[in-house]
Amino acid sequence: MAIDIQKIRSDFPILERKIYNKPLVYFDNAATTQKPQCVVNTIVNNYYNCNANIHRGVHFLSQQSTEAHENARKTVQNFIGAKNSNEIIFTRGTTEAINLVAHSFGISQCNDGDEIIVTQMEHHSNIVPWQLLQQIKDIKLRVIPFDEKGVLQIDQLEKLINKKTKLIAVTHVSNALGTVNPIEKIIKIAHSQDIPVLVDGAQSAPHTPINVQDLDVDFYAFSGHKVYGPTGIGVLYGKEKWLEKIPPYQGGGEMIQNVSFEKTTFNELPFKFEAGTPDYIGSTALAAALNYVSEIGMQNIADYEHELLRYATDKLTQIDGLRIIGESPQKSGLISFLVGQIHPYDMGTILDKLGIAVRTGHHCAEPVMKAFNIDGTIRASFAIYNTKEEIDILASGIERAAKMFRK
Ligand code: PLP
(Lines give C-alpha, C1' and ligand atoms only; values in the text may rest on other atoms or scores of the structure.)
Protein backbone atom coordinates (compact mmCIF):
# COMPACT_ATOMS: atom_id res chain seq x y z
CA MET A 1 0.00 0.00 0.00
CA ALA A 2 1.34 3.43 -0.91
CA ILE A 3 1.34 5.89 1.95
CA ASP A 4 -0.65 9.09 1.45
CA ILE A 5 1.90 11.35 3.06
CA GLN A 6 -0.04 14.58 2.55
CA LYS A 7 -3.09 13.07 4.25
CA ILE A 8 -0.87 11.88 7.12
CA ARG A 9 0.74 15.30 7.48
CA SER A 10 -2.67 16.94 7.61
CA ASP A 11 -3.47 14.76 10.65
CA PHE A 12 -0.70 16.53 12.63
CA PRO A 13 -1.70 20.17 13.25
CA ILE A 14 1.72 21.15 14.66
CA LEU A 15 3.37 20.50 11.29
CA GLU A 16 1.67 23.70 10.07
CA ARG A 17 3.76 25.76 12.46
CA LYS A 18 6.41 28.18 11.35
CA ILE A 19 9.61 28.38 13.41
CA TYR A 20 11.51 31.67 12.94
CA ASN A 21 9.23 32.16 9.95
CA LYS A 22 10.37 28.92 8.35
CA PRO A 23 8.26 25.77 7.96
CA LEU A 24 8.90 23.40 10.85
CA VAL A 25 11.07 20.42 9.89
CA TYR A 26 10.78 18.07 12.84
CA PHE A 27 13.54 15.47 13.04
CA ASP A 28 13.55 14.89 16.80
CA ASN A 29 11.17 11.95 16.66
CA ALA A 30 13.35 9.54 18.63
CA ALA A 31 12.94 11.93 21.59
CA THR A 32 9.20 12.27 21.11
CA THR A 33 6.80 12.20 18.17
CA GLN A 34 4.13 14.76 17.35
CA LYS A 35 0.49 13.87 17.99
CA PRO A 36 -2.25 13.33 15.43
CA GLN A 37 -5.56 15.13 15.83
CA CYS A 38 -7.31 11.89 16.86
CA VAL A 39 -5.06 11.55 19.93
CA VAL A 40 -5.64 15.15 21.00
CA ASN A 41 -9.39 14.75 20.38
CA THR A 42 -9.48 11.63 22.55
CA ILE A 43 -7.88 13.50 25.45
CA VAL A 44 -10.23 16.48 25.11
CA ASN A 45 -13.30 14.30 24.63
CA ASN A 46 -12.46 12.18 27.66
CA TYR A 47 -12.06 15.19 29.92
CA TYR A 48 -15.20 16.86 28.53
CA ASN A 49 -17.46 13.84 28.48
CA CYS A 50 -16.17 10.77 30.22
CA ASN A 51 -13.95 11.72 33.14
CA ALA A 52 -14.29 9.69 36.35
CA ASN A 53 -11.90 7.59 38.39
CA ILE A 54 -11.92 3.98 37.30
CA HIS A 55 -12.54 0.51 38.75
CA ARG A 56 -14.27 1.39 42.02
CA GLY A 57 -17.22 3.50 41.01
CA VAL A 58 -20.74 2.14 40.63
CA HIS A 59 -21.87 5.23 38.79
CA PHE A 60 -22.25 5.52 35.03
CA LEU A 61 -19.25 7.71 34.27
CA SER A 62 -16.89 5.58 36.33
CA GLN A 63 -18.03 2.46 34.54
CA GLN A 64 -17.67 4.12 31.14
CA SER A 65 -14.21 5.37 32.04
CA THR A 66 -13.22 1.91 33.35
CA GLU A 67 -14.41 0.30 30.14
CA ALA A 68 -12.39 2.75 28.02
CA HIS A 69 -9.25 2.06 30.09
CA GLU A 70 -9.64 -1.73 29.91
CA ASN A 71 -10.42 -1.55 26.18
CA ALA A 72 -7.19 0.42 25.79
CA ARG A 73 -5.36 -2.45 27.46
CA LYS A 74 -6.84 -4.80 24.87
CA THR A 75 -5.74 -2.46 22.08
CA VAL A 76 -2.18 -2.62 23.42
CA GLN A 77 -2.47 -6.41 23.72
CA ASN A 78 -3.44 -6.66 20.04
CA PHE A 79 -0.81 -4.13 18.97
CA ILE A 80 2.05 -6.22 20.34
CA GLY A 81 0.41 -9.63 19.93
CA ALA A 82 0.27 -10.56 23.62
CA LYS A 83 -1.63 -13.67 24.64
CA ASN A 84 -3.60 -12.06 27.49
CA SER A 85 -4.56 -8.50 28.35
CA ASN A 86 -3.48 -9.12 31.96
CA GLU A 87 0.11 -9.25 30.64
CA ILE A 88 -0.14 -5.53 29.78
CA ILE A 89 0.92 -3.23 32.62
CA PHE A 90 0.46 0.50 32.15
CA THR A 91 3.47 2.48 33.35
CA ARG A 92 4.68 6.05 32.91
CA GLY A 93 6.93 4.95 30.06
CA THR A 94 9.84 2.72 29.14
CA THR A 95 11.92 4.04 32.02
CA GLU A 96 9.35 3.12 34.65
CA ALA A 97 8.75 -0.25 32.98
CA ILE A 98 12.44 -1.16 33.20
CA ASN A 99 12.66 0.13 36.77
CA LEU A 100 9.71 -2.11 37.63
CA VAL A 101 11.48 -5.19 36.27
CA ALA A 102 14.83 -4.24 37.81
CA HIS A 103 13.15 -3.86 41.20
CA SER A 104 10.55 -6.64 41.24
CA PHE A 105 12.50 -9.24 39.25
CA GLY A 106 15.76 -8.11 40.83
CA ILE A 107 14.77 -8.43 44.47
CA SER A 108 12.87 -11.69 44.00
CA GLN A 109 14.97 -13.58 41.44
CA CYS A 110 18.54 -12.37 41.94
CA ASN A 111 20.93 -13.45 44.63
CA ASP A 112 24.26 -11.95 45.59
CA GLY A 113 26.84 -12.88 42.96
CA ASP A 114 24.27 -13.13 40.11
CA GLU A 115 24.75 -11.35 36.81
CA ILE A 116 22.63 -9.29 34.41
CA ILE A 117 23.76 -8.89 30.81
CA VAL A 118 23.14 -5.61 28.96
CA THR A 119 24.70 -4.13 25.81
CA GLN A 120 27.17 -1.31 25.34
CA MET A 121 24.51 0.64 23.44
CA GLU A 122 21.85 0.87 26.16
CA HIS A 123 19.98 4.05 26.95
CA HIS A 124 20.73 5.11 30.54
CA SER A 125 17.27 3.83 31.47
CA ASN A 126 18.50 0.28 30.91
CA ILE A 127 21.71 0.79 32.87
CA VAL A 128 20.89 2.88 35.93
CA PRO A 129 17.95 0.76 37.24
CA TRP A 130 20.34 -2.23 37.41
CA GLN A 131 22.87 -0.09 39.25
CA LEU A 132 20.14 0.85 41.74
CA LEU A 133 19.51 -2.86 42.20
CA GLN A 134 23.22 -3.19 43.00
CA GLN A 135 22.53 -1.12 46.13
CA ILE A 136 20.26 -3.93 47.33
CA LYS A 137 21.86 -7.03 45.82
CA ASP A 138 25.48 -7.69 45.07
CA ILE A 139 24.90 -8.32 41.36
CA LYS A 140 27.27 -7.73 38.47
CA LEU A 141 26.53 -6.07 35.11
CA ARG A 142 28.11 -7.78 32.10
CA VAL A 143 28.20 -5.89 28.81
CA ILE A 144 27.97 -7.12 25.19
CA PRO A 145 30.23 -4.78 23.17
CA PHE A 146 29.62 -3.38 19.68
CA ASP A 147 32.13 -2.96 16.84
CA GLU A 148 33.29 0.20 15.04
CA LYS A 149 30.16 0.25 12.89
CA GLY A 150 27.91 0.00 15.93
CA VAL A 151 27.00 -3.67 15.33
CA LEU A 152 26.53 -5.76 18.44
CA GLN A 153 29.21 -8.45 18.77
CA ILE A 154 26.72 -11.19 19.29
CA ASP A 155 29.42 -13.87 19.34
CA GLN A 156 30.46 -12.40 22.69
CA LEU A 157 27.09 -13.19 24.23
CA GLU A 158 27.68 -16.91 24.69
CA LYS A 159 30.99 -16.13 26.37
CA LEU A 160 29.26 -13.78 28.82
CA ILE A 161 26.52 -16.22 29.78
CA ASN A 162 27.22 -18.46 32.75
CA LYS A 163 25.33 -20.15 35.58
CA LYS A 164 25.00 -16.82 37.39
CA THR A 165 23.26 -15.03 34.50
CA LYS A 166 19.76 -14.14 35.66
CA LEU A 167 18.49 -11.88 32.87
CA ILE A 168 19.52 -10.39 29.54
CA ALA A 169 18.25 -6.81 29.12
CA VAL A 170 18.80 -5.38 25.64
CA THR A 171 17.58 -2.54 23.53
CA HIS A 172 15.87 -3.54 20.31
CA VAL A 173 17.00 -0.38 18.52
CA SER A 174 19.75 1.96 19.69
CA ASN A 175 18.51 5.53 20.04
CA ALA A 176 22.06 6.84 19.57
CA LEU A 177 23.20 4.70 16.60
CA GLY A 178 20.02 3.43 14.97
CA THR A 179 21.34 -0.14 15.14
CA VAL A 180 18.63 -2.80 15.09
CA ASN A 181 19.78 -5.64 17.31
CA PRO A 182 19.05 -9.30 16.46
CA ILE A 183 16.73 -9.82 19.43
CA GLU A 184 15.25 -13.01 17.97
CA LYS A 185 18.72 -14.56 18.06
CA ILE A 186 19.49 -13.19 21.52
CA ILE A 187 16.21 -14.58 22.88
CA LYS A 188 16.91 -18.02 21.35
CA ILE A 189 20.40 -18.16 22.85
CA ALA A 190 19.11 -16.97 26.24
CA HIS A 191 16.21 -19.41 26.33
CA SER A 192 18.46 -22.31 25.40
CA GLN A 193 19.98 -21.69 28.84
CA ASP A 194 16.68 -20.85 30.59
CA ILE A 195 17.52 -17.16 30.90
CA PRO A 196 14.68 -14.64 30.46
CA VAL A 197 15.06 -11.57 28.23
CA LEU A 198 13.83 -8.02 28.65
CA VAL A 199 13.69 -5.95 25.47
CA ASP A 200 13.68 -2.15 25.58
CA GLY A 201 11.29 -1.40 22.73
CA ALA A 202 11.25 2.40 23.08
CA GLN A 203 12.73 2.81 19.59
CA SER A 204 11.17 -0.24 17.94
CA ALA A 205 7.46 -0.19 18.84
CA PRO A 206 6.92 3.07 16.90
CA HIS A 207 8.70 1.85 13.78
CA THR A 208 8.20 -1.84 13.11
CA PRO A 209 5.59 -4.56 13.70
CA ILE A 210 6.07 -6.30 17.05
CA ASN A 211 4.70 -9.65 18.11
CA VAL A 212 5.80 -10.58 21.60
CA GLN A 213 4.53 -14.16 21.24
CA ASP A 214 6.46 -14.76 18.00
CA LEU A 215 9.54 -13.22 19.62
CA ASP A 216 8.89 -15.28 22.76
CA VAL A 217 10.26 -12.30 24.71
CA ASP A 218 9.75 -12.34 28.49
CA PHE A 219 9.44 -8.59 29.05
CA TYR A 220 8.99 -5.81 26.47
CA ALA A 221 8.80 -2.10 27.34
CA PHE A 222 7.79 0.92 25.30
CA SER A 223 6.70 4.57 25.70
CA GLY A 224 3.41 6.03 24.46
CA HIS A 225 4.84 9.43 23.58
CA LYS A 226 7.29 7.95 21.05
CA VAL A 227 4.49 6.19 19.20
CA TYR A 228 2.33 9.29 18.58
CA GLY A 229 0.55 8.92 21.95
CA PRO A 230 0.55 11.21 24.96
CA THR A 231 3.35 11.73 27.46
CA GLY A 232 3.19 10.01 30.84
CA ILE A 233 1.94 6.62 29.67
CA GLY A 234 3.85 3.55 28.59
CA VAL A 235 3.68 -0.20 28.68
CA LEU A 236 5.41 -3.12 30.26
CA TYR A 237 4.51 -6.44 28.67
CA GLY A 238 5.47 -9.43 30.78
CA LYS A 239 4.75 -13.11 30.33
CA GLU A 240 2.07 -14.08 32.81
CA LYS A 241 4.34 -16.67 34.43
CA TRP A 242 6.88 -13.95 35.29
CA LEU A 243 4.36 -11.34 36.38
CA GLU A 244 2.75 -13.90 38.70
CA LYS A 245 6.14 -14.78 40.14
CA ILE A 246 7.51 -11.32 40.91
CA PRO A 247 6.26 -8.99 43.68
CA PRO A 248 4.58 -5.58 43.26
CA TYR A 249 6.76 -2.59 42.45
CA GLN A 250 4.80 0.12 44.26
CA GLY A 251 2.18 -0.05 47.02
CA GLY A 252 -1.07 1.87 47.30
CA GLY A 253 -4.67 1.83 46.13
CA GLU A 254 -5.82 -0.47 43.30
CA MET A 255 -3.02 -3.00 43.67
CA ILE A 256 -4.47 -4.64 46.80
CA GLN A 257 -7.22 -7.11 47.62
CA ASN A 258 -7.40 -6.53 51.37
CA VAL A 259 -5.42 -4.33 53.71
CA SER A 260 -5.10 -4.41 57.48
CA PHE A 261 -2.29 -3.13 59.67
CA GLU A 262 -1.10 -6.70 60.06
CA LYS A 263 -1.26 -7.98 56.48
CA THR A 264 -2.05 -6.99 52.91
CA THR A 265 -3.03 -9.29 50.06
CA PHE A 266 -2.35 -8.18 46.53
CA ASN A 267 -4.71 -7.80 43.61
CA GLU A 268 -4.58 -10.07 40.56
CA LEU A 269 -2.76 -9.21 37.34
CA PRO A 270 -2.39 -6.66 35.91
CA PHE A 271 -3.63 -4.50 38.82
CA LYS A 272 -0.97 -5.83 41.19
CA PHE A 273 1.49 -3.61 39.30
CA GLU A 274 -0.71 -0.54 38.93
CA ALA A 275 -0.72 1.22 42.30
CA GLY A 276 -2.76 4.40 42.58
CA THR A 277 -5.06 6.06 40.08
CA PRO A 278 -3.87 4.97 36.64
CA ASP A 279 -3.51 7.43 33.77
CA TYR A 280 -6.82 6.34 32.28
CA ILE A 281 -6.98 9.39 30.01
CA GLY A 282 -3.46 8.60 28.78
CA SER A 283 -4.26 4.93 28.19
CA THR A 284 -7.26 5.71 25.99
CA ALA A 285 -5.29 8.34 24.06
CA LEU A 286 -2.48 5.81 23.63
CA ALA A 287 -5.03 3.36 22.24
CA ALA A 288 -6.14 6.07 19.77
CA ALA A 289 -2.50 6.45 18.68
CA LEU A 290 -2.02 2.70 18.28
CA ASN A 291 -5.23 2.44 16.26
CA TYR A 292 -3.99 5.32 14.12
CA VAL A 293 -0.66 3.68 13.25
CA SER A 294 -2.28 0.26 12.86
CA GLU A 295 -4.61 1.73 10.27
CA ILE A 296 -1.61 2.97 8.27
CA GLY A 297 0.02 -0.42 8.89
CA MET A 298 3.22 -0.94 10.88
CA GLN A 299 4.91 -2.68 7.95
CA ASN A 300 4.02 0.26 5.68
CA ILE A 301 5.51 2.58 8.29
CA ALA A 302 8.68 0.48 8.51
CA ASP A 303 9.05 0.41 4.71
CA TYR A 304 8.47 4.14 4.32
CA GLU A 305 10.89 5.09 7.09
CA HIS A 306 13.53 2.79 5.60
CA GLU A 307 13.15 4.60 2.33
CA LEU A 308 13.68 7.90 4.19
CA LEU A 309 16.76 6.43 5.90
CA ARG A 310 18.23 5.28 2.58
CA TYR A 311 17.59 8.66 0.99
CA ALA A 312 18.99 10.60 3.96
CA THR A 313 22.09 8.42 4.25
CA ASP A 314 22.78 8.96 0.58
CA LYS A 315 22.28 12.73 0.80
CA LEU A 316 24.20 13.28 4.02
CA THR A 317 27.22 11.20 3.04
CA GLN A 318 27.73 13.56 0.09
CA ILE A 319 28.40 16.43 2.49
CA ASP A 320 32.05 17.28 2.84
CA GLY A 321 33.41 16.29 6.27
CA LEU A 322 30.20 14.60 7.45
CA ARG A 323 30.75 11.40 9.38
CA ILE A 324 27.94 9.06 10.31
CA ILE A 325 28.18 7.46 13.76
CA GLY A 326 26.48 4.08 13.56
CA GLU A 327 26.73 2.26 10.24
CA SER A 328 25.11 -1.04 10.99
CA PRO A 329 23.60 -2.71 7.90
CA GLN A 330 20.48 -3.20 10.06
CA LYS A 331 19.35 0.29 10.95
CA SER A 332 16.17 2.06 11.97
CA GLY A 333 15.22 5.53 10.69
CA LEU A 334 17.73 7.72 12.45
CA ILE A 335 21.12 9.15 11.63
CA SER A 336 23.68 10.29 14.18
CA PHE A 337 26.45 12.37 12.66
CA LEU A 338 29.25 14.88 13.12
CA VAL A 339 30.53 17.44 10.64
CA GLY A 340 34.26 18.19 10.70
CA GLN A 341 35.19 19.76 14.02
CA ILE A 342 31.87 21.54 14.45
CA HIS A 343 30.42 21.02 17.90
CA PRO A 344 27.02 19.26 17.73
CA TYR A 345 25.47 22.02 19.83
CA ASP A 346 26.61 24.70 17.35
CA MET A 347 25.27 22.72 14.40
CA GLY A 348 21.97 22.10 16.22
CA THR A 349 21.62 25.79 17.02
CA ILE A 350 22.13 26.87 13.43
CA LEU A 351 19.75 24.22 12.12
CA ASP A 352 17.18 25.42 14.65
CA LYS A 353 17.36 28.92 13.21
CA LEU A 354 16.43 27.35 9.86
CA GLY A 355 13.35 25.74 11.42
CA ILE A 356 14.96 22.29 11.63
CA ALA A 357 14.60 20.44 14.94
CA VAL A 358 17.38 17.89 15.55
CA ARG A 359 18.77 16.56 18.81
CA THR A 360 22.33 17.13 19.94
CA GLY A 361 24.35 15.62 22.75
CA HIS A 362 24.92 12.17 24.20
CA HIS A 363 21.28 11.05 23.78
CA CYS A 364 21.29 9.46 27.27
CA ALA A 365 23.78 6.89 25.98
CA GLU A 366 27.11 8.06 27.38
CA PRO A 367 28.80 4.64 27.02
CA VAL A 368 28.13 4.83 23.26
CA MET A 369 29.80 8.23 23.06
CA LYS A 370 32.73 6.94 25.11
CA ALA A 371 33.19 4.01 22.73
CA PHE A 372 33.50 6.44 19.79
CA ASN A 373 35.60 8.83 21.88
CA ILE A 374 33.22 11.72 21.25
CA ASP A 375 31.12 13.99 23.48
CA GLY A 376 27.98 13.76 21.42
CA THR A 377 26.41 13.74 17.98
CA ILE A 378 23.73 15.51 15.99
CA ARG A 379 20.79 13.16 15.52
CA ALA A 380 18.06 13.35 12.88
CA SER A 381 15.34 10.79 13.52
CA PHE A 382 12.43 10.14 11.22
CA ALA A 383 8.71 9.53 11.62
CA ILE A 384 5.82 8.67 9.36
CA TYR A 385 5.08 12.35 8.52
CA ASN A 386 8.61 13.22 7.35
CA THR A 387 9.40 13.65 3.65
CA LYS A 388 12.36 13.53 1.28
CA GLU A 389 11.89 17.28 0.70
CA GLU A 390 12.51 17.82 4.42
CA ILE A 391 15.69 15.72 4.17
CA ASP A 392 16.80 18.01 1.31
CA ILE A 393 16.19 21.00 3.60
CA LEU A 394 18.26 19.31 6.34
CA ALA A 395 21.11 18.56 3.91
CA SER A 396 21.27 22.13 2.63
CA GLY A 397 21.02 23.45 6.20
CA ILE A 398 24.03 21.34 7.20
CA GLU A 399 25.96 22.55 4.13
CA ARG A 400 25.13 26.14 4.99
CA ALA A 401 26.23 25.75 8.61
CA ALA A 402 29.42 23.95 7.57
CA LYS A 403 30.28 26.79 5.18
CA MET A 404 29.84 29.35 7.97
CA PHE A 405 32.28 27.45 10.16
CA ARG A 406 34.79 27.01 7.36
CA LYS A 407 35.00 30.80 6.92
N1 PLP B 1 15.16 3.42 25.86
C2 PLP B 1 15.47 3.99 24.70
C3 PLP B 1 16.20 3.20 23.66
C4 PLP B 1 15.11 5.33 24.46
O5 PLP B 1 15.42 5.89 23.29
C6 PLP B 1 14.43 6.05 25.47
C7 PLP B 1 14.09 7.46 25.29
O8 PLP B 1 14.67 8.16 24.49
C9 PLP B 1 14.13 5.40 26.66
C10 PLP B 1 14.51 4.09 26.83
C11 PLP B 1 13.41 6.09 27.76
O12 PLP B 1 12.10 6.40 27.39
P13 PLP B 1 11.18 7.26 28.32
O14 PLP B 1 11.95 8.51 28.65
O15 PLP B 1 9.97 7.54 27.49
O16 PLP B 1 10.87 6.46 29.53
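Read on for an overview of the structure. (Residues numbered from 1 in each chain as written. Predicted model: local features only at pLDDT ≥ 70, side-chain atom pairs only at ≥ 80, totals over all residues. Heavy atoms only, no water.)

Comments concerning a nonpolar patch on the surface
Inference 1: On the surface, Val40, Val44, Tyr47 and Tyr48 cluster together to form a nonpolar patch covering roughly 440 Å² of accessible area.
Inference 2: Tracing the chain through its elements places Val40 in helix H2 (residues 37-49).
Inference 3: A residue is classified by how much of its surface remains accessible, and Val40, at 36% relative accessible area, is partly exposed. (Patch = residues over 30% accessible without salt bridge, like charges linked within 9 Å, V, L, I, M, F, W, Y side chains within 5 Å. Areas by Shrake-Rupley, 256 points an atom, 1.4 Å probe, with all protein chains shown as cover. Salt bridge = Lys/Arg side-chain N within 4 Å of Asp/Glu carboxyl O. Helix = DSSP H or I, 4+ residues; strand = E, 2+ residues; numbered from the N terminus. Buried < 20%, exposed > 50% of the residue type's maximum accessible area, 1.4 Å probe, protein only.)

Some points on the site of the ligand
Inference 1: In the vicinity of the ligand, the contacting residues are Thr94, Thr95, His123, Ser125, Thr171, Asn175, Asp200, Ala202, Gln203, Ser223, His225 and Lys226.
Inference 2: Within the side chain of Asp200, one N or O atom sits 2.5 Å away from a nitrogen atom of the ligand.
Inference 3: A distance of 2.6 Å is found between an oxygen atom of the ligand and a side-chain nitrogen or oxygen belonging to Lys226.
Inference 4: In the complex, 85% of the free accessible area of the ligand, which totals 400 Å², lies under the protein chains.
Inference 5: Because more than half of its atoms lie within 2 Å of the grid, the ligand is assigned to the largest pocket.
Inference 6: Residue composition of the shell around the ligand, by class: one nonpolar, nine polar and two charged. (Near = heavy atom within 4 Å. Polar contact = N/O pair within 3.5 Å; in protein donor to acceptor, adjacent residues only side chain to side chain. 1 Å grid on protein atoms, 1.4 Å probe; cavity = no way out; pocket = protein on both sides within 12 Å on 5 of 7 lines; lining within 4 Å. Sits in = over half its atoms within 2 Å of the grid points. Nonpolar A, V, L, I, M, F, W, Y, C, P; charged D, E, K, R; others polar.)

Some thoughts on the pairing of strand S6 (residues 140-144)
Inference 1: The pairing of strand S5 (residues 115-119) with S6 spans five bridges and is classified as parallel. When the sheet's bridge partners are listed, Ile116 is paired in S6 with Leu141.
Inference 2: Crossover S5 to S6 through helix H5 (residues 128-133) is right-handed. (Pairing = 2+ DSSP bridges. Right-handed = clockwise from strand over helix to strand, strands pointing away.)

Things to note about the packing of aromatic side chains
Inference 1: Applying the stated criterion across every chain, the model contains eleven aromatic pairs.
Inference 2: A ring pair is formed by Phe105 and Phe219, whose centres lie 6.2 Å apart and whose planes are at 85°; its orientation type is edge-to-face. With Phe105 in helix H4 (residues 94-109) and Phe219 in strand S9 (residues 219-223), this residue pair connects regions lying 114 residues apart in the sequence. The pair formed by Phe105 and Phe219 is uniform in burial state, with each residue classed as buried.
Inference 3: Here the aromatic residues Phe12, Tyr228, Tyr292 and Tyr385 are joined through ring pairs into a cluster of three or more. (Phe/Tyr/Trp six-rings, centres within 6.5 Å; stacked < 30°, edge-to-face > 60°.)

Quick look at the environment of Gly113
Inference 1: Checked against the element boundaries, Gly113 lands in the loop between H4 and S5.
Inference 2: Judged by relative accessible area, which is 29%, Gly113 ranks as partly exposed.
Inference 3: For the pair Gly113 and Lys137, spaced 24 residues apart in the sequence, the C-alpha separation amounts to 8.2 Å.
Inference 4: Apart from the residues lying within four places of it in its own chain, the contact partners of Gly113 are Asp138 and Lys164. (Contact = heavy atoms within 4.5 Å.)

Description of the sheet that holds strand S14 (residues 334-339)
Inference 1: Read from one edge of the open sheet, four strands run S13-S14-S17-S16, paired in antiparallel fashion. Each of the sheet's edge strands pairs with one partner strand only, and the pair in question is strand S13 (322-325) and strand S16 (359-361). For this sheet, the mean inter-axis angle between neighbouring strands, taken without regard to orientation, is 35°.
Inference 2: Of the pairings in the sheet, the one linking S13 to S14 comprises four bridges and is antiparallel in character. Bridge pairing in S14 links Arg323 to Leu338. (Axes fitted to C-alpha atoms, helices over the stretch in contact; angles between N-to-C directions.)

Describing the layout of surface pockets
Inference 1: Here the largest pocket is characterised by a volume of approximately 380 Å³.
Inference 2: Every residue lining the largest pocket is counted, 24 residues in all, and those nearest its centre are Thr95, His123, Asn175, Lys226 and Cys364.
Inference 3: Secondary-structure elements contributing two or more residues to the lining of the largest pocket are H4 and S16.
Inference 4: Of the residues assigned to the lining of the largest pocket, the class counts are five nonpolar, 13 polar and six charged.
Inference 5: The residues that make up the lining of the largest pocket include at least three from each of domain 1 (5-28 + 297-406) and domain 2 (40-295). (Points joined across faces, edges and corners; volume = space filled by probe spheres on them. Domains from an automatic or database assignment.)

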